[in-house]
Amino acid sequence: MTLLIICFNSVFRYFTIVQTPRGDVCRSARCSVASTIALIWGLSFISMIPLLIYQEVETVRLGRLVVYESCIERWPSRAAQGAYTLCISVAQFAFPVLVLSTIHARISNYLRLHLSTPPVDPSCKRGNLLLS
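Keep in mind the model is a prediction, meaning the values are calculated, not measured.

Observations regarding the UniProt feature "transmembrane region" (unreviewed entry) in the protein
Part 1: Here the UniProt-annotated "transmembrane region" (unreviewed entry) positions come out as residues 31-54 and 83-103.
Part 2: Taken end to end, residues 83-103 is 100% helix and 0% strand, and its two terminal C-alpha atoms sit 28 Å from one another.

Regarding the packing of aromatic side chains
Aromatic rings considered in pairs are described by the distance between their centres and by the relative angle of their planes.
Part 1: Per the stated rule, a full pass over the model turns up two aromatic pairs.
Part 2: When the centroid spacing of 4.8 Å and the interplanar angle of 35 degrees are considered together, the rings of tyrosine 54 and tryptophan 75 count as tilted. With tyrosine 54 in helix α3 (residues 29-54) and tryptophan 75 in the loop between β2 (65-73) and α4 (78-116), the pair connects residues that are 21 residues apart, well separated along the chain.
Part 3: In this structure tyrosine 54 comes out as partly exposed when scored by relative accessible area, which is 28%.
Part 4: Given the relative accessible area of 16%, tryptophan 75 is considered buried.

Structural notes on the side chain of serine 10
Part 1: Along the polypeptide, serine 10 turns up in helix α1 (residues 2-18).
Part 2: Aside from chain neighbours lying at most four places away, what touches serine 10 is Val99, Leu100, Ile103, His104 and Ile107.

Focus: the packing of α1 against α4
In a packed pair of helices, the relevant descriptors are the angle between the two axes and the axis-to-axis distance.
Part 1: Following both chains from N to C, one finds α1 and α4 inclined at 15 degrees, their axes separated by 10 Å at the closest point. Regarding the angle of α1 to α4, the classification is roughly parallel. Crossing of α1 against α4: the hand is left-handed. Contacts from Leu3, Leu4, Ile6, Cys7, Ser10, Val11, Arg13, Tyr14, Ile17 and Val18 of α1 reach α4 at Gln92, Phe95, Pro96, Val99, Leu100, Ile103, His104, Arg106, Ile107, Tyr110 and Leu111.
Part 2: Looking at the contact of α1 with α4, its residues break down into 16 nonpolar, three polar and two charged.

What to know about a nonpolar patch on the surface
Part 1: Taken together, Phe45, Ile46, Ile49, Leu52 and Ile53 make up a surface patch of nonpolar side chains, about 520 Å² in accessible area.
Part 2: Considering the arrangement of structural elements, one finds leucine 52 in helix α3.

Quick word on the nonpolar core
Part 1: Within the largest apolar cluster, six residues are counted, these being Cys7, Tyr14, Val18, Val99, Ile103 and Ile107.
Part 2: Of all elements in the fold, only α1 and α4 reach the threshold of two or more residues within this core.
Part 3: If near-sequence neighbours (up to four positions away) are discounted, valine 99 is found in contact with Cys7, Ser10 and Val11.

A few points about the pairing of β2
Part 1: Across eight bridges, the pairing between strand β1 (residues 55-62) and β2 is antiparallel. Bridging across to β2, valine 60 finds its partner in tyrosine 68.
Part 2: Between the antiparallel neighbours β1 and β2 lie two residues, among them glycine 63 with a positive phi of about 75 degrees.

Rules used in this analysis
Residues numbered from 1 in each chain as written. Predicted model: local features only at pLDDT ≥ 70, side-chain atom pairs only at ≥ 80, totals over all residues. Heavy atoms only, no water. UniProt positions renumbered as here; feature names shortened; annotations may be inferred. Helix = DSSP H or I, 4+ residues; strand = E, 2+ residues; numbered from the N terminus. Phe/Tyr/Trp six-rings, centres within 6.5 Å; stacked < 30°, edge-to-face > 60°. Buried < 20%, exposed > 50% of the residue type's maximum accessible area, 1.4 Å probe, protein only. Contact = heavy atoms within 4.5 Å. Axes fitted to C-alpha atoms, helices over the stretch in contact; angles between N-to-C directions. Parallel < 35°, antiparallel > 145°, perpendicular 65-115°, else oblique. Left-handed = near helix turned anticlockwise from the far one by under 90°. Nonpolar A, V, L, I, M, F, W, Y, C, P; charged D, E, K, R; others polar. Patch = residues over 30% accessible without salt bridge, like charges linked within 9 Å, V, L, I, M, F, W, Y side chains within 5 Å. Areas by Shrake-Rupley, 256 points an atom, 1.4 Å probe, with all protein chains shown as cover. Salt bridge = Lys/Arg side-chain N within 4 Å of Asp/Glu carboxyl O. Core = buried A, V, L, I, M, F, W, Y, C linked by side-chain atoms within 4.5 Å. Pairing = 2+ DSSP bridges.

Here is the structure:
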């Protein structure tokens, strides 16, 4: 879940830096953040549903004495377990790396281009302040 939050933060950073908020975008920013947080929680819950279904508690006993209890995954097949592991690995590694590298490269290109030339729009106070 933390990686999704980091990815969405970088997307919001991209829109904040690259696209100047005007009009309705500024008014709907709170709604956008709230819906994004709800989406992240929803995706996190959905990704854990298979574990809720296929995990069970196994009790290890020595006679009548309970030695310990452990949580064991009991998948219907190795293929299902492999597919779930692959999907989770992609969602937790490949997707964040792709999103973060793409977004930060685009922000870097935008800043390199726009900070080397003076802003054309006189209402761009932030750009004028940085260049003076």
